[in-house]
Amino acid sequence: MKSQFRHCAIRSLIENWELKIENSRKGFTVLFAVLIGSLLFSLGIAISQLSIKEITLSSTGKQSETAFYAADTGIECALYWDLRPGGSVFPKSNEVGEPNPNTVSCNGQSNQVSFWVEPTILAATTTFLLTFVPTGCANVIVGKTAAGSTVIESRGQNECGAGVNPGRVERALRVRY
């Protein structure tokens, strides 16, 4: 009986030991699964953050392009009205008087021209604002001197609403001749 008891005790010990080994393997599998899941989750978060930054950068590039083309259109409009065959509509000094006509038509719309004379009376500056559909505008400044030199500056913006907008982008171009 002792040998049978001993045999039973040894068998029980071996079975318990195998059971502990099997249970510890199950714990390792769960730990391994949690580790892999955490790694994949972290990788997904990193990829999504990178994608968001790329989308933001792409949007900013598009807005910058809108502002640049608005500025370019303003320059082209001012050059057309300054160098047209009938003569410039922009005065060279206060002796010439108000711009004639007092509106310029660019981009399919008429734009009111404002005028002021520099204190030296040897130069005049004319400004007008172009607006574009659906967004964008250009503030154009034409400076002419009595000596004949001209500076045209156009500041294009991606949107022209009032107030502060952190998404507003401005690009400027200047032409001298």
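Presented here is a report on the structure given in the accompanying data block. Every value quoted in this text rests on a predicted model; they were computed, and no experiment measured them.

Some points on the nonpolar core
Line of reasoning, step 1. In this structure, Trp81, Phe128, Leu130, Val140 and Val142 are the most contacted members of the largest nonpolar core, which totals 16 residues.
Line of reasoning, step 2. Of all the secondary-structure elements, those providing two or more residues to this core are helix H1 (2–83), strand E1 (103–106), strand E3 (123–131) and strand E4 (137–145).
Line of reasoning, step 3. Among the elements that take part in this core, H1 stands out by supplying five residues, more than any other.
Line of reasoning, step 4. If we ignore the near neighbours within four places in the chain, the residues touching Leu130 are Thr73, Gly74, Cys77, Cys106, Asn111, Cys137 and Ala138.

Some thoughts on a nonpolar patch on the surface
Line of reasoning, step 1. Together, Phe28, Leu31, Phe32, Leu35, Ile36, Leu39, Leu40, Leu43 and Ile47 give the surface a local cluster of nonpolar side chains, amounting to about 950 Å² of exposed area.
Line of reasoning, step 2. By the secondary structure assignment, Leu43 is in helix H1.
Line of reasoning, step 3. The exposure class assigned to Leu43 is partly exposed, which follows from its relative accessible area of 49%.

Observations regarding the state of the cysteines
Line of reasoning, step 1. If you walk through the whole model with that rule in mind, you get two disulfides.
Line of reasoning, step 2. Here Cys77 connects covalently by a disulfide to Cys106, the sulfurs 1.5 Å from one another. Residues Cys77 and Cys106 are joined by a disulfide whose S-S torsion is about 70°; by sign, that bridge is right-handed. Here Cys106 lies in strand E1 and Cys77 lies in helix H1, a separation of 29 residues in the sequence.
Line of reasoning, step 3. Residue Cys77 is classed as buried on the basis of its relative accessible area, which comes to 4%.
Line of reasoning, step 4. With a sulfur-sulfur separation of 1.6 Å, Cys137 is cross-linked through a disulfide to Cys160.

Conventions adopted
Per chain, residues are indexed from 1 in the order of the written sequence. Given that the model is predicted, a residue must reach a pLDDT of at least 70 before its local features are reported, and side-chain atom pairs must reach 80 or more before they are shown or counted; all residues, however, enter totals for whole chains, interfaces and linings. Excluding hydrogens and water, the side-chain values take into account all heavy atoms of the structure. In this text, buried Ala, Val, Leu, Ile, Met, Phe, Trp, Tyr and Cys residues form a nonpolar core when linked through side-chain atoms within 4.5 Å. Three exposure classes are used, based on accessible area relative to the maximum for each residue type with a 1.4 Å probe and protein chains only: buried under 20%, partly exposed in between, and exposed over 50%. Helix numbering and strand numbering both begin at the N terminus, where a helix is a DSSP run of H or I of at least 4 residues and a strand a DSSP run of E of at least 2. Throughout, a residue-residue contact means that at least one pair of heavy atoms, one from each residue, lies within 4.5 Å. Residues enter a patch when their relative accessible area is above 30% and they make no salt bridge; the linking distance is 9 Å between like charges and 5 Å between nonpolar side chains (Val, Leu, Ile, Met, Phe, Trp, Tyr). Note on areas: Shrake-Rupley with a 1.4 Å probe; residue coverage comes only from the protein chains shown. By salt bridge we mean one thing: a side-chain nitrogen of Lys or Arg within 4 Å of a carboxyl oxygen of Asp or Glu. Disulfide: a pair of cysteine sulfur atoms within 2.5 Å of each other.

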